[in-house]
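# Inside the fold
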Amino acid sequence: MIKYYTKYTIFIFVWLAIIWFLSDQSSINIGLTNYSDLIIKKSGHIFVYTILGLLLTKAFIGFRYWSIPKERINLVGLILLIFVTGLIFAALDELHQLTVLGRHGNPVDVFIDSLGIIAGIIWGIRHKTGQLRHSWKTLLTK
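Residues numbered from 1 in each chain as written. Predicted model: local features only at pLDDT ≥ 70, side-chain atom pairs only at ≥ 80, totals over all residues. Heavy atoms only, no water.

## Considering the pattern of salt bridges
We count it as follows: When a carboxyl oxygen of Asp or Glu is within 4 Å of a side-chain nitrogen of Lys or Arg, the pair counts as a salt bridge. Helix and strand assignments come from DSSP, with helices taken as H or I runs of at least 4 residues and strands as E runs of at least 2, each series counted from the N terminus. Burial status follows relative accessibility: with a 1.4 Å probe on protein chains alone, a residue under 20% of its type maximum counts as buried, one over 50% as exposed, and anything between as partly exposed.
Taken as a whole and judged by the stated rule, the model has one salt bridge. The residue K42 makes a salt bridge to D109 at a minimum N-O spacing of 2.5 Å. Here D109 lies in helix α4 (residues 107-128) and K42 lies in helix α2 (residues 34-61), a separation of 67 residues in the sequence. According to the relative accessible area criterion, D109 is buried, its value standing at 5%.

Next comes the structure, spelled out in structure tokens:
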């Protein structure tokens with residue numbers, strides 16, 4: 001159990017460092033039209049925070065066996081804790097962008113990040129309950 005906690009704690013901190021590093025860049029210009037650039041950047045937000053939501057879910061509830069009907073209240077509390085933890089980091093990341101030259105914090109980005117966190121939580125729970133296809137299970141095994 002300690003190895004599991006350690007592994008996912010390291011994964012989470014590495015992923016948070018990657019997010020922080022990307023937010024610390026003065027400007028990320030991919031050279032497309034404004035609309036395409038916007039779509040790709042917002043999709044990036046969703047992707048990055050989906051992975052964070054998945055890692056947080058694996059760390060918080062992935063290490064033990066639980067049964068949804070028996071532990072529904074505990075599960076809901078853990079899901080809220082995971083969501084709030086991810087949301088706090090998303091808000092801190094946007095505040096951090098206010099201090100970076102050429103960047104600006106945007107509350108809409110926190111909302112977009114929250115959609116990614118929700119997707120990651122759903123992904124993690126579906127993995128835990130065995131509702132993912134076999135190929136995804138192989139990829140995401142402990």
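## Digging into α4
Rules: The span one expects for a helix is its residue count, reduced by one, times 1.5 Å. Identification of polar contacts relies on pairs of N or O atoms within 3.5 Å, with a donor-acceptor requirement for protein atoms, meaning one able to donate a hydrogen and the other able to accept it, and with residues adjacent in sequence counted only if both atoms are side-chain atoms.
With 22 residues, α4 ought to run about 32 Å at 1.5 Å a step, and its terminal C-alpha atoms sit 32 Å apart, in line with that. Buried within α4 we find D109, V110, I112, D113, S114, G116, I117, G120, I121, G124, I125 and H127. Residue N106 occupies the N-cap position of α4, its side-chain oxygen lying 3.0 Å from the main-chain nitrogen of V108. Of the residues trailing α4, G130 is marked for its positive phi of about 75 degrees.

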